[in-house]
Every structure is written in C-alpha cells, then in structure tokens.
Amino acid sequence: MNRLDVDIWSDVVCPWCAIGYAQFANALERLAGEIAVTVRWMPFELAPDMPPEGRLQAEHLGAVYSRTPEQVEAMRADIEAAGEAAGCSLAWTGEGEAPPAMMWNTFAAHLLLRWALAWKGPEVQTALKLALFDAYFRHRRNISDPAVLAEIAGSVPGLWAEGALEALADETLSAAVRFEEKRGRDSGLSAVPTFVVAGKYVLQGAQQPEQFARALVQIAQMEAAA
C-alpha cells in the first residue's frame with residue numbers, strides 16, 4: 001500500500017475548508033486499501049485582525065467581497081447547499097431562531113489544534129477539527145472563547161478540557177503556531193483550503209472527490225517511482 005502525508009492549510013471559519021475536507025475524505029474512502037493518507041491540519045487565519053468581540057459575518061463578508069446583505073445571504077445559501085451535497089451540513093441545527101452568524105478570531109482554535117497534534121497525533125487532531133467546524137457552523141458557538149474551546153476539546157475522545165486551557169496559555173505553543181503561519185505565508189500560501197501532499201504537490205480548493213482521488217493516485221505513483 002502506498003502512503004502519503006498531507007498537510008491541509010485551513011481555517012475553522014472557512015466553509016469551503018469544511019466542504020473540501022468532506023470531499024477529500026470521500027476520495028480517501030474510494031482509495032481504501034490502495035493509498036493510506038496521514039492528515040495534519042496547518043494554521044491559516046482568514047481574518048487575523050478580527051477583534052475579540054468578533055464581527056457579524058454578513059458585515060464582514062459584505063465588506064470583504066463588496067456585496068449587499070441580500071447578496072451575502074444568497075452566497076450563504078449557495079454554500080450551505082454545497083455543504084449538503086458534499087455530505088457536510090453547515091446549516092444551523094439548534095432549537096428556535098438561529099443566532100446571528102459571526103466571524104471570530106481563530107488563533108486560539110489553531111493553538112488547540114496544534115496541541116492535539118502534538119499530544120495525541122493526527123487522527124485526534126482531525127476529530128478536533130471536525131468538532132470545531134461543527135461548533136462554529138451548525139451551533140454558531142464562539143470558537144475564540146477559551147471556555148467554549150475547552151468544552152469542545154473535552155468532547156473529543158483522547159483530549160481533556162483542563163489540558164486545553166493549559167495549552168491556550170502556553171507561549172511556546174503560541175510561538176509554534178505563529179511560526180507555521182509565517183511558513184505558510186512565506187511559501188506563497190494565500191487561499192484555503194490548500195492540500196500539500198508529500199511536502200511538494202499542491203492541491204487547491206474544494207475539489208470533487210474524483211479529482212482528489214485521481215490526483216492522489218498520480219502522486220503516489222510518482223513518489224513510488226522516485
């Protein structure tokens with residue numbers, strides 16, 4: 001069996017990152033028994049200057065993309081439809097009226113993901129990433145709040161809330177995340193999701209499962225022949 005390492009650069013508040021991973025995971029299922037992939041999540045902040053209090057998502061997207069509120073709502077509906085098609089629901093699932101969708105500062109979430117990778121490895125890190133996606137999109141939780149992050153971490157098998165709080169205060173861990181963010185920028189990374197396979201092959205965006213599968217097969221063949 002061929003084995004590949006894949007670093008996925010993404011942000012927790014990026015819907016196309018959630019959709020892209022759902023489609024990538026679908027591709028991996030198709031390749032089961034042929035290619036084994038180890039995934040690591042790398043930090044990328046879509047809005048690194050976002051203040052602690054956050055910002056209404058509609059206002060943020062309207063400013064970034066020069067869209068009217070109606071256009072932003074249509075864009076959100078299209079994204080949610082794409083998520084459903086990929087088997088990755090991004091729609092509000094709570095009871096009653098949905099709270100306003102917000103943009104949050106995600107640096108603390110990336111700290112937690114780095115901690116999960118260091119302490120428990122790639123599979124647990126991926127479980128945490130998916131839990132963060134779920135908390136942000138489907139439950140509209142404040143994923144910049146340490147208490148919320150600790151609670152999410154505590155819900156992931158292998159992780160614990162107290163360790164998460166300690167990680168969020170770890171300056172060495174913070175420096176490591178900043179270093180990885182800089183490494184991404186220095187390599188020319190400007191959009192997510194970006195899948196870096198075997199440290200050198202770049203797959204960009206939320207591609208369809210068959211596109212991911214075809215690319216991974218080609219890369220595995222090239223790596224085997226190298």
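As the structure is a prediction and not an experimental result, all values here were calculated from the model. (Residues numbered from 1 in each chain as written. Predicted model: local features only at pLDDT ≥ 70, side-chain atom pairs only at ≥ 80, totals over all residues. Heavy atoms only, no water.)

Caption draft 1: Fine view of the overall build of the protein chain. Looking only at helices and strands, the protein chain has nine helices and six strands in total. Each principal axis of the C-alpha atoms in the protein chain carries an extent, and together these give about 55 × 40 × 35 Å. Taken over 226 residues, the protein chain has a buried fraction of 48%. Put simply, of all contacts in the protein chain between residues at least 6 apart along the chain, 75% involve residues at least 24 apart. Accessible surface, the protein chain as shown: approximately 11,300 Å² in total, 52% of it carbon and sulfur. (Helix = DSSP H or I, 4+ residues; strand = E, 2+ residues; numbered from the N terminus. Buried < 20%, exposed > 50% of the residue type's maximum accessible area, 1.4 Å probe, protein only. Contact = heavy atoms within 4.5 Å. Areas by Shrake-Rupley, 256 points an atom, 1.4 Å probe, with all protein chains shown as cover.)

Caption draft 2: Seen up close, the nonpolar core. Residues Phe24, Leu128, Leu132 and Ile143 are the most contacted members of the largest nonpolar core, which totals 75 residues. Other than its neighbours up to four places away in sequence, Leu128 contacts Leu112, Leu113, Ala116, Ile152, Ala153, Val156 and Leu159. (Core = buried A, V, L, I, M, F, W, Y, C linked by side-chain atoms within 4.5 Å.)

Caption draft 3: Seen up close, the sheet that holds strand 6 (residues 201-204). Taken in spatial order, the four strands of this open sheet run 2-1-5-6, and their pairing is mixed. What marks the edges here is a single partner per strand, and that holds for strand 2 (35-43) and strand 6. Averaged over all pairs of adjacent strands, the angle between their axes in this sheet comes to 25 degrees, without regard to strand direction. Summarising the sheet, strand 1 (residues 2-10) and strand 2 pair through nine bridges and their orientation is parallel. What sits directly across from Asp7, in strand 2, is Arg40. (Pairing = 2+ DSSP bridges. Axes fitted to C-alpha atoms, helices over the stretch in contact; angles between N-to-C directions.)

Caption draft 4: Summary view of the side chain of Asp7. Inspection of the secondary structure assignment puts Asp7 in strand 1. Engagement of the side chain of Asp7 in a polar contact is seen with the side chain of Arg40, the distance being 2.8 Å. (Polar contact = N/O pair within 3.5 Å; in protein donor to acceptor, adjacent residues only side chain to side chain.)

Caption draft 5: Structural context of the packing of helix 1 (residues 15-30) against helix 5 (residues 122-138). Closest axis-to-axis distance for the helix 1/helix 5 pair is 11 Å, and the angle between their directions is 135 degrees. Looking at the two axes, helix 1 sits oblique to helix 5. Viewed along their axes, helix 1 and helix 5 form a crossing whose handedness is left-handed. Listed contacts from helix 5 to Pro15, Cys17, Ala18 and Tyr21 of helix 1 are Thr126, Leu130, Phe133 and Phe137. When its residues are assigned to classes, the contact of helix 1 with helix 5 shows seven nonpolar, one polar and no charged. (Parallel < 35°, antiparallel > 145°, perpendicular 65-115°, else oblique. Left-handed = near helix turned anticlockwise from the far one by under 90°. Nonpolar A, V, L, I, M, F, W, Y, C, P; charged D, E, K, R; others polar.)

Caption draft 6: How the structure looks around unusual backbone geometry. Backbone torsion omega between Val192 and Pro193 reads 5 degrees, so that peptide bond is classified as cis. Here Pro193 is to be found in the loop between helix 8 (171-186) and strand 5 (194-197). Despite not being glycine, Ser66 shows a phi value in the positive range, around 55 degrees. Within the secondary structure, Ser66 sits in the loop between helix 2 (57-65) and helix 3 (69-85). Ser66 sits in the exposed class, given a relative accessible area of 64%. Positive phi, normally seen in glycine, also occurs at Ala198, with a value near 55 degrees. Assessed through its relative accessible area of 26%, Ala198 is described here as partly exposed.

Caption draft 7: Fine view of the pairing of strand 6. Side-chain alternation along strand 6 places Tyr201 and Leu203 on a buried face and Val202 and Gln204 on a face that remains uncovered. Direction of pairing for strand 5 relative to strand 6: antiparallel, over a ladder of four bridges. Pairing of Thr194 across the sheet is with Gln204, part of strand 6. Adjacent in sequence and paired antiparallel, strand 5 and strand 6 are bridged by three residues, among which Ala198 carries a positive phi angle near 55 degrees.

Caption draft 8: Fine view of helix 2. Among the residues of helix 2, those classed as buried are Gln57, His60, Leu61 and Gly62. As for helix 2, its buried residues are in contact with strand 3 (55-56), helix 3, strand 4 (102-103) and helix 5. Positioned one or two residues after helix 2, Ser66 has a phi angle of 55 degrees, which is positive.

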